Each structure stands twice: as structure tokens, then as C-alpha cells.
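# Secondary and tertiary structure notes
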Amino acid sequence: QVQLVESGGGLVHAGGSLRLSCVASGSTFSFNDMGWHRLVPGKQRELVAAISRDRETNYVDSVKGRFSISRDDTKNTVYLQMNSLKPEDTAVYFCAADQVLRRYWGRGTQVTVSS
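Residues numbered from 1 in each chain as written. Predicted model: local features only at pLDDT ≥ 70, side-chain atom pairs only at ≥ 80, totals over all residues. Heavy atoms only, no water.

### Let's talk about the packing of aromatic side chains
As a reminder, the rule being used: For this analysis, a ring pair means two rings from Phe, Tyr or Trp (six-membered ring only for Trp) whose centres lie within 6.5 Å, classed as stacked if their planes differ by under 30 degrees, edge-to-face if by over 60, and tilted for the remaining angles. Geometrically, a charge over a ring is one whose NZ (Lys) or CZ (Arg) sits within 6 Å of the ring centre while staying within 35 degrees of the ring normal.
Under the criterion given, the structure shown has zero aromatic pairs. Taking NZ or CZ as reference, R45 lies 4.5 Å from the ring centre of F94, over its face. The aromatic ring of W105 is capped on one face by R45, whose charged end is 5.1 Å from the ring centroid.

Right, here's the structure in full:
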């Protein structure tokens, strides 16, 4: 069993930065892909960034050049550094971690970017 807990969200003005963290606990061995998703009210969940066990990364076009995903397997943690934030980045951000047969989800952290 795995539990994921996000932190680092908050309120920031446009142009500011935040770093989100997601710490996994429980049976945390053998994570493959890890990633961050976001949910905007009235819209479908969107994959923002993903990172593989080999540290290959992928980003949705709207955040390329502004966001950076990383992972520290010794700490069972995945991060999302968010720079040059825009109001359209406002969402609840969820982390996810994949094992061979299951995907685990955190409960989300709110990011609000004001104009």
C-alpha cells in the first residue's frame, strides 16, 4: 500500500514561483513513471509533467520552459518547480506514482495564481 502527500501549493502573483513536493510512503519500491496532473474547475484532468525511472521527462506544451519535474528516489519524492506562473496555471495539482500494476494518487494541493 502506498500513500502520496503533496505540499507546496499556495497563492502567488503572476510571474512568481512555487515548488511542489510529493512524498510517498508505505510500499514505495519500484516506482516507474511519476508525474503531476492538474484539475481546473469545469475541465478534465490534464497531465502536466512526467518523469520516468531513467529520468526522461515530458511536459504539456503550455508549461514547457517554465516548469521542471525531478525525482529523488532515495527520499521517495517527486518535485515540480513552477516558474513564471500564469493565472491559467491555477488548479489543484495531483501527483501520481506508478508501480508495475498500479497507479497511486495523492489528494492534491491548490495552486492559485492571481493577476
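### Description of the sheet that holds strand β8 (residues 77-82)
The criterion, for reference: We call two strands paired when DSSP finds no fewer than two bridges between them. Working definition: helices are DSSP H or I runs of at least four residues, strands are E runs of at least two. Numbering for both runs from the N terminus. To define axes, lines are fitted to C-alpha atoms, for helices over the stretch in contact only, and angles between the resulting N-to-C directions are given on a 0 to 180 degree scale.
Within the open sheet, the four strands sit side by side as β1-β3-β8-β7. Their pairing is antiparallel. The outermost strands of the open sheet, each flanked by one partner alone, are β1 (2-7) and β7 (67-72). With strand direction ignored, the average angle separating the axes of adjacent strands in the sheet is 15 degrees. Where β1 and strand β3 (residues 18-26) come together, six bridges link them in antiparallel fashion. Paired with E6 across the bridge in β3 is C22.

### Section: the state of the cysteines
Covalent bonding between the sulfur atoms of two cysteines defines a disulfide. What counts here: Any cysteine sulfur atom paired with another within 2.5 Å is treated as part of a disulfide. For every residue, the accessible area (1.4 Å probe, protein chains only) is compared with the maximum for its type, and the residue is labelled buried under 20%, exposed over 50%, or partly exposed between those bounds.
Evaluation of the coordinates by the stated rule reveals one disulfide. A sulfur-sulfur separation of 1.9 Å characterises the disulfide bridge that pairs C22 with C95. One disulfide, between C22 and C95, carries an S-S torsion of 45 degrees and so falls in the right-handed class. Taken together, the residues C22 in strand β3 and C95 in strand β9 (residues 91-98) connect sequence positions 73 residues apart. The same class applies to C22 and to C95, which are both buried.

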